[in-house]
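Analysis of the macromolecular model
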Number of protein chains: 2
Amino acid sequence: MNDLSQPTASIDVDDIRQAAERLKPWAHITPIMSSRTLNERCGGSVVLKCENFQRIGAFKFRGAMNALLQLEDAKRGIGVVTHSSGNHAQALALAGQLLDIPVCVVMPHTAPAIKHAATKGYGARIVSCEPTLAAREAAVANEIERHGYTLIHPFDNWQVIAGQGTVAWEFLDQAGPLDMILCPVGGGGLLAGTALAVKGRSPSTKVIGAEPKRADDAKRSLASGSIESSGDPRTIADGLRTSLGVRTFSVIRHNVDAIVTATESEILDTMRFLWERFKMIVEPSSAVAVAPVLTGTLPVRDLKVGIIISGGNVDLEPLFQALATKWLTDGE
Amino acid sequence: MNDLSQPTASIDVDDIRQAAERLKPWAHITPIMSSRTLNERCGGSVVLKCENFQRIGAFKFRGAMNALLQLEDAKRGIGVVTHSSGNHAQALALAGQLLDIPVCVVMPHTAPAIKHAATKGYGARIVSCEPTLAAREAAVANEIERHGYTLIHPFDNWQVIAGQGTVAWEFLDQAGPLDMILCPVGGGGLLAGTALAVKGRSPSTKVIGAEPKRADDAKRSLASGSIESSGDPRTIADGLRTSLGVRTFSVIRHNVDAIVTATESEILDTMRFLWERFKMIVEPSSAVAVAPVLTGTLPVRDLKVGIIISGGNVDLEPLFQALATKWLTDGE
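Remember, it's a predicted structure, so these values are computed and weren't measured experimentally. (Residues numbered from 1 in each chain as written. Chains lettered and ligands numbered in written order. Predicted model: local features only at pLDDT ≥ 70, side-chain atom pairs only at ≥ 80, totals over all residues. Heavy atoms only, no water.)

**Let's talk about helix 13 (residues 284-295) of chain A**
All names here are of chain A.
- The first and last C-alpha atoms of helix 13 sit 16 Å apart over 12 residues, in line with the 16 Å expected at 1.5 Å per residue.
- Here helix 13 lies mainly inside the structure; 11 of its 12 residues are buried.
- Regarding helix 13, the residues found buried are Pro 284, Ser 285, Ser 286, Ala 287, Val 288, Ala 289, Val 290, Ala 291, Pro 292, Val 293 and Leu 294.
- Looking one or two residues past helix 13, Gly 296 carries a phi angle of roughly 90°, positive in sign. (Helix = DSSP H or I, 4+ residues; strand = E, 2+ residues; numbered from the N terminus. Expected span 1.5 Å × (residues − 1). Buried < 20%, exposed > 50% of the residue type's maximum accessible area, 1.4 Å probe, protein only.)

**What to know about the pattern of salt bridges**
Residue and element names in this part refer to chain A.
- The final tally for this structure, using the stated rule, is 28 salt bridges over all chains.
- In this structure, the salt-bridge partner of Glu 143 is Arg 125, at a minimum N-O distance of 2.6 Å. Within this pair, whereas Glu 143 is found in helix 7 (residues 133-147), its partner Arg 125 is found in strand 5 (residues 125-129), the two being separated by 18 residues in sequence. (Salt bridge = Lys/Arg side-chain N within 4 Å of Asp/Glu carboxyl O.)

**Side note on the environment of Gln 18 of chain A**
- With respect to the helices and strands, the residue Gln 18 of chain A is situated in helix 1 (residues 13-23).
- When the C-alpha atoms of Gln 18 of chain A and Arg 55 of chain A are compared, they prove to be 20 Å apart, with 37 residues separating the residues in sequence.

**Describing the sheet that holds strand 10 (residues 304-309) of chain A**
Residue and element names in this part refer to chain A.
- With mixed pairing, six strands are arranged side by side in an open sheet as 1-2-10-7-8-9. What marks the edges here is a single partner per strand, and that holds for strand 1 (32-33) and strand 9 (258-262).
- Direction of pairing for strand 1 relative to strand 2 (residues 45-50): antiparallel, over a ladder of two bridges. Looking at strand 2, one finds that Ile 32 is bridged to Lys 49.
- Packed onto the sheet, helix 13 meets strand 2, strand 7 (180-184), strand 8 (206-212), strand 9 and strand 10 and runs at close to 160° relative to strand 10. (Pairing = 2+ DSSP bridges. Contact = heavy atoms within 4.5 Å. Axes fitted to C-alpha atoms, helices over the stretch in contact; angles between N-to-C directions.)

**Here we look at the pairing of strand 2 (residues 45-50) of chain B**
Residues and elements named next belong to chain B.
- The buried count for strand 2 comes to five of six residues, which makes it a mostly enclosed element.
- With six bridges connecting them, strand 2 and strand 10 (residues 304-309) associate as parallel partners. Bridge pairing in strand 10 links Leu 48 to Ile 307.

**With respect to the relation of the copies chain A and chain B**
- Note on the identical chains: chain A maps onto chain B by a rotation of 180° and an axial translation of 0.0 Å, with an RMSD of 0.0 Å. Both chain copies can therefore be described as sitting about a two-fold axis. Minimal C-alpha separation from the rotation axis in chain A is found for Met 280 of chain A, amounting to 2.0 Å.
- Both copies contact each other with a shared surface, as 100% of the interface residues of chain A are interface residues in chain B too. (Least-squares fit on C-alpha atoms with pLDDT ≥ 70 in both.)

**Structural notes on the nonpolar core**
- Membership of the largest hydrophobic core comes to 88 residues, with the highest contact counts inside it found for Leu 48 and Trp 275 of chain A together with Leu 48 and Trp 275 of chain B.
- Apart from the residues within four sequence positions on either side, Leu 48 of chain B is in contact with Pro 31, Ile 32, Met 33, Leu 38, Phe 171, Leu 274, Phe 278, Met 280, Val 290, Ile 307 and Ile 309 of chain B. (Core = buried A, V, L, I, M, F, W, Y, C linked by side-chain atoms within 4.5 Å.)

**Points about the packing of helix 3 (residues 60-69) of chain B against helix 5 (residues 87-99) of chain B**
Residue and element names in this part refer to chain B.
- At their nearest, the axes of helix 3 and helix 5 sit 8 Å apart, and the two run at 40° to each other. Classified by the interaxial angle, the pair formed by helix 3 and helix 5 is oblique. In the packing of helix 3 onto helix 5, the handedness of the crossing is right-handed. Listed contacts from helix 5 to Lys 60, Phe 61, Ala 64, Met 65, Leu 68 and Leu 69 of helix 3 are Asn 87, His 88, Ala 91, Leu 92, Leu 94, Ala 95, Gly 96, Leu 98 and Leu 99.
- In terms of residue class, the contact of helix 3 with helix 5 is built from 11 nonpolar, three polar and one charged. (Parallel < 35°, antiparallel > 145°, perpendicular 65-115°, else oblique. Left-handed = near helix turned anticlockwise from the far one by under 90°. Nonpolar A, V, L, I, M, F, W, Y, C, P; charged D, E, K, R; others polar.)

**A few points about the domain arrangement of chain A**
All names here are of chain A.
- Once the domains are mapped, chain A shows domain 1 (13-58 + 157-309) and domain 2 (61-151).
- Computed from C-alpha coordinates alone, the two centres of domain 1 and domain 2 are separated by 24 Å.
- Contact with domain 1, which involves 24 residues of that partner, is made by 17 residues of domain 2.
- Of the roughly 1700 Å² buried between domain 1 and domain 2, counting both surfaces, carbon and sulfur atoms make up 58%.
- Area buried by domain 1 at its contact with domain 2 is led by Trp 26, Ile 56 and Gln 159, which between them contribute 40% of it.
- The partner of Lys 115 in a salt bridge is Asp 238, and the shortest N-O contact between them spans 4.0 Å.
- For the pair domain 1 and domain 2, the number of links is eight residue pairs in polar contact (both at pLDDT 80 or more). (Domains from an automatic or database assignment. Buried area = accessible area lost by both parts, 1.4 Å probe. Polar contact = N/O pair within 3.5 Å; in protein donor to acceptor, adjacent residues only side chain to side chain.)

**Focus: the packing of aromatic side chains**
- In this structure the tally under the stated criterion is three aromatic pairs over all chains.
- Ring centres of Trp 275 of chain A and Trp 275 of chain B lie 6.1 Å apart, and the angle between their planes is 75°; this geometry places the pair in the edge-to-face category. Of the two residues, Trp 275 of chain A sits in helix 12 (residues 264-278) while Trp 275 of chain B sits in helix 12 (residues 264-278), which places them in two different chains.
- A relative accessible area of 0% places Trp 275 of chain B in the buried class.
- Note on Trp 275 of chain A and Phe 320 of chain B: the rings are 5.5 Å apart at their centroids and 85° apart in plane angle, and the pair reads as edge-to-face. A residue pair is termed interchain when its members come from two chains, as with Trp 275 of chain A in helix 12 and Phe 320 of chain B in helix 14 (residues 317-327).
- Taking the relative accessible area as the measure of exposure, Phe 320 of chain B reaches 6% and is therefore buried.
- A cation sits over an aromatic face here: Arg 201 of chain A above Trp 169 of chain A, 4.3 Å from the ring centre. (Phe/Tyr/Trp six-rings, centres within 6.5 Å; stacked < 30°, edge-to-face > 60°. Lys NZ or Arg CZ within 6 Å of the ring centre and 35° of its normal.)

The following block contains the structure:
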């Protein structure tokens, strides 16, 4: 489902600078955080950029908003379409609501009810499809043909990539020079944007992508020199199951220093560490980027390291269901 | 277990001002937060003071540290004792570790292993006892007799109360004038300190305590004019099961405008709202103070309202156990 109609001519750090200006009235400047315990554990100085506090609870708002803010007037009235069962769906829905642009989201009927409700809550129209790539692509094509919508791809879109790059842009302003920056990589929008922002401003800063070991397609893609499929990996990091796109891969292969991986138990242990020590909700996909530092897989002794916490959207239903069962059974 | 040896002569807002100065090198200045959704829901302008980001994950560090910083040299070498299975145990243990003062904590053997481990991790010596008031008092008396320790009561101690009052002191600096301030009330240390700080600086600001409906002893105490027992209430708000002390009651009855209550289901719904919307871990005892505003039990339309989020220490073991069972069963 790569949008091959859009030329692959790249963007550069100026596009990210402009996106940062463009997003100022709309996106939150999210806080950065650190912890003594994390620094003691890894021997470095680690700063987290907390996009879990961004609107819709994830960095994805930046890319979606940056794309819609640049949509031509004629296309604004007609509307946009995307396919996503995750954060991009909510991000595009909110961006559309704020700018009064109709949004259609193609979502597999297996998507959690909570994501469906959240997307609909922002006023998007939802089209259900079978949970296969073919069904998803057919549904999107059908919506474009019928309504003339503009496709806003979740990651393989230059304006989306530029928007995601504003996280790192802001991070450098807040944290100062970094020896290394890490972020998770699924489709690669965040990593590509991060790499362009960081290498454009600070070429000596190492840019590292992190992905689940069970979905190590970015690592394999860099090794082979062409886009490898992630298959349908069974990982708790639900935002990182996707393969790279042509645009994100072209940026990542030229601007990213390495890809590191984390096992499922490392992801869970790291997520718990972040919840307990930082008292914040961090989604599994974000824990993937902290795990190599916390476990020591990636040595960072005496380095200043920035890590992007991509989001905080976790389905809390099972936890609160269990608490309700324990505490509400005997009435008030 | 009220420390009747200490005179009940009250403290005032100057003691809190001094405590704030004294704590500056030690305690975090915790952030304040707000949310469009919360404001839309209640019609007011609500600001949360996030003591879940305080050291040891709760405001209790302030009171314990303020008490230990004022301990006479001769008593420092001997050490201190307290009884707590909750946040005060960790708070005193950390304060003692930072100041090199021996700390002994009497804890019922039924206390969760995680609290036991955390307190021990800060270097405190733990004495186990039966989970009854009589056993706890006997164990503390025994430790004082044997070692000459100074008792640092979890809430019925003026230095502890002054320390807890620095939360509101800092909050007013950050948020500006407030029409109303809410905080949870268990033993009453936080509410008493808050009332002294707020009424001392801004007499027209309403000070409201919040407690579980199932542990409404503070409300009953204000109504009857003497300390009523909370009994052994079955509430998820584990920090608020205690009754008031003589010192906290004396401050609260003269400086607090009202006590409001929340049912168990309101507490749970509010806790979930805070986790989902603010992406932060908030303990049930803190949700108690937000619930009356979120549900509308306490009308706040057009008011500027400050609410103290007292802590973020929640046992995450059941949640992460469930996630591990779901995701780690088939190995890496």
